[in-house]
Amino acid sequence: MSEQSPTASEDRLRMGGMALENGLLVYGPTGWAAAVRDRRGQVVVKSGRVPRLRGPLDRVPGVRGVLRLAESMIVVPLVRVKVPQARLPFENRRVVIAAATTAAISLVARRRKNKGMPTEIAINLLGLAPALISLKAGETAQWHGVEHKAIAAYELGGDPSDPAVIEAAAKEHERCGSHLVAPMMIAGIAGDALMRRIVENPGPAAQASVGLAGAAASIEMFAYAERHPGSAFTKLFRAPGFKLQEVIGTREPTAEQIEVGRAAIECLLEYEGSQRTIG
């Protein structure tokens, strides 16, 4: 969804999602739904409940965002078990090799005693390699476009069962995780520089704490941008993410992919509707 898009209908569910290599995962307040096209060309659709970790910590700034992100990550292995036909982007052999290589290089670089800011910048940029390879290795970028289009079509009050409505929606979305890339990199670089002024030779625990703090701060900025969509901060905050989606992160999907996206949204709406009836 572009910045010029109208605000989502308030009576609509808030949805998130993840592009798979052969389909789409979407999740709402209580449940998830995944739709994939198997090797025979058939659309397989399954749904389930989203585990909740937040509890009373949902009101604690910094902590709540990290827990919500963790919840969305926990859904992924659940989907993989319940939908064995699903193929995850990071299961691609080239992505696995890239992830292992970048992790090894980063580990060696971080152990350097005289590591400066240029090295930290290089490490952060190198960390993007697996995701970029994932987007280029198969159809993940197109499925990412399906994710954004299907969710936007529903949120803006359209009929998500109509392929034409999904196709007409923008392939860039204001809540895409790409908006976290730039702030997390900046927070990581700044946090590392500050930590090394305080601690001469920080260990893995200190480095992990800085990374976690940077992620928490970035997610809070992400939430602020959503609450204040017209602010100058929001436009500045989202600009790199929108450009990343436009150039690399998303591509226009095919009619067959839109069919799968429609199936995922319809399944999630059916699941959420059943939960509200039970409640």
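Structural data are supplied above this passage.
Criteria and cut-off values
- Once a new chain begins, its residue numbering starts again from 1 and follows that chain's sequence as written.
- Confidence filtering applies because this is a predicted model: local features only for residues at pLDDT of at least 70, side-chain atom pairs given and counted only at 80 or more, and all residues used for totals across whole chains, interfaces and linings.
- Side-chain figures throughout are based on the complete set of non-hydrogen atoms in the structure, without hydrogens or water.
- Helix numbers and strand numbers start at the N terminus; a helix is a DSSP run of H or I with at least 4 residues, a strand a run of E with at least 2.
- With C-alpha atoms as the basis for the radius of gyration, the globule rule is written as 2.2 Å multiplied by the number of residues raised to the power 0.38.
- Residue burial is assigned from relative accessible area. The probe radius is 1.4 Å, only protein chains are included, and a residue is buried under 20% of its type maximum, exposed over 50%, and partly exposed in between.
- Throughout, a contact is declared for two residues whenever any of their heavy atoms are within 4.5 Å.
- Residue burial considers only the protein chains on display, and all accessible areas are found by Shrake-Rupley using a 1.4 Å probe.
- Criterion used throughout: strands pair if DSSP finds at least two bridges between them.
- A fitted line through C-alpha atoms serves as each axis, taken over the contacting stretch for helices, and the angle formed by two N-to-C directions is quoted from 0 to 180°.
- Side-chain rings of Phe, Tyr and Trp (the six-membered ring for Trp) are treated as a pair once their centres are within 6.5 Å; stacked means planes under 30 degrees apart, edge-to-face means over 60, and tilted covers the remaining angles.
- Here, nonpolar core refers to any group of buried Ala, Val, Leu, Ile, Met, Phe, Trp, Tyr and Cys residues whose side-chain atoms link them within 4.5 Å.
- Every helix has an expected span of 1.5 Å times one less than the residues it contains.
- The term salt bridge refers to a pairing of a side-chain nitrogen on Lys or Arg with a carboxyl oxygen on Asp or Glu at a separation within 4 Å.

To continue, consider the overall build of the protein. For the protein, the count of helices and strands is 10 helices and four strands. In the protein, the succession of helices and strands from N to C terminus is β-β-β-β-α-α-α-α-α-α-α-α-α-α. In terms of C-alpha radius of gyration, the protein reaches 19 Å, essentially the compact-globule figure of 19 Å for 279 residues. In the protein, buried positions account for 44% of the 279 residues. Counting contacts in the protein only where the partners sit at least 6 residues apart, residues at least 24 apart contribute 67% of the total. Element-wise, carbon and sulfur atoms account for 61% of the exposed surface of the protein, whose accessible area totals about 14600 Å².

Looking now at the sheet that holds strand E3 (residues 31–37). Through backbone hydrogen bonds, the strands of a sheet pair up, either in parallel or in antiparallel fashion. Ordered by their spatial adjacency, four strands build an open sheet running E1-E2-E3-E4, and the pairing between neighbours is antiparallel. Each end of this open sheet is capped by a strand with a single partner; those strands are strand E1 (16–19) and strand E4 (43–49). Strand-to-strand twist across the sheet, computed as the mean angle between neighbouring axes with direction ignored, equals 15 degrees. Sheet topology note: the strand E2 (residues 23–27)/E3 ladder contains five bridges and is antiparallel. When the bridges of E3 are listed, Val-26 appears paired with Ala-33. In this fold helix H1 (residues 63–82) packs onto E1, E2, E3 and E4, with an angle of close to 50 degrees to the strand it touches most, E3. This element, helix H5 (residues 140–155), spans E1 and E2 of the sheet and lies at about 160 degrees to E1.

Turning to the packing of aromatic side chains, a few remarks are in order. One pass over the structure, following the stated rule, counts two aromatic pairs. Considering the side-chain rings of Tyr-224 and Phe-233, the 5.5 Å spacing of their centres and the 75 degrees angle between planes classify their relative orientation as edge-to-face. For Tyr-224, a relative accessible area of 34% gives the class partly exposed. Residues Phe-233 and Phe-237 carry aromatic rings whose centres are separated by 5.6 Å and whose planes lie at 25 degrees to one another, so their mutual orientation is stacked. Of this pair, Phe-233 and Phe-237 both sit in helix H9 (residues 232–249), four residues apart, roughly one helical turn.

For soluble globular proteins, nonpolar side chains are generally found buried alongside one another. Counting residues in hydrophobic clusters, the biggest one holds 23 residues, and the most contacted among them are Met-15, Val-26 and Ile-265. Residues in contact with Val-26, not counting those within four places in the same chain, are Gly-16, Gly-17, Gly-31, Trp-32, Ala-33, Ile-151, Ala-264, Ile-265 and Leu-268. Counting residues in each nonpolar core, the second largest holds 14 residues, with Met-18, Trp-32, Val-75 and Val-79 among its members.

Both E3 and E4 contribute to a ladder of seven bridges, which runs antiparallel. Following the sheet pairing, Trp-32 is matched in E4 by Gly-48. Counting the residues that bridge the hairpin from E3 to E4 gives five residues, and of these Gly-41 lies at a positive phi of roughly 90 degrees.

Taking 1.5 Å per residue as the helical rise, helix H8 (residues 204–227) with its 24 residues ought to reach 34 Å, and the 35 Å between its terminal C-alpha atoms agrees with that figure. Taken as a whole, H8 has its buried residues at Gln-207, Val-210, Gly-214, Ala-215, Ala-216, Ser-218, Ile-219, Glu-220, Phe-222 and Ala-225.

For the coordinates displayed, the defined rule picks out 10 salt bridges. Residues Arg-64 and Glu-220 are paired through a salt bridge, measuring 3.0 Å at the closest nitrogen-oxygen approach. Here Arg-64 is found in helix H1, whereas its partner Glu-220 is found in helix H8, with 156 residues between them in sequence. We classify Arg-64 as partly exposed; its relative accessible area is 21%. With relative accessibility at 18%, the residue Glu-220 sits in the buried group. Here Glu-252 makes a salt bridge to Lys-149, at a shortest N to O gap of 3.2 Å. A residue pair is termed long-range when its members are at least 10 positions apart, and Glu-252 in the loop between H9 and helix H10 (255–278) and Lys-149 in helix H5 qualify at 103 residues.

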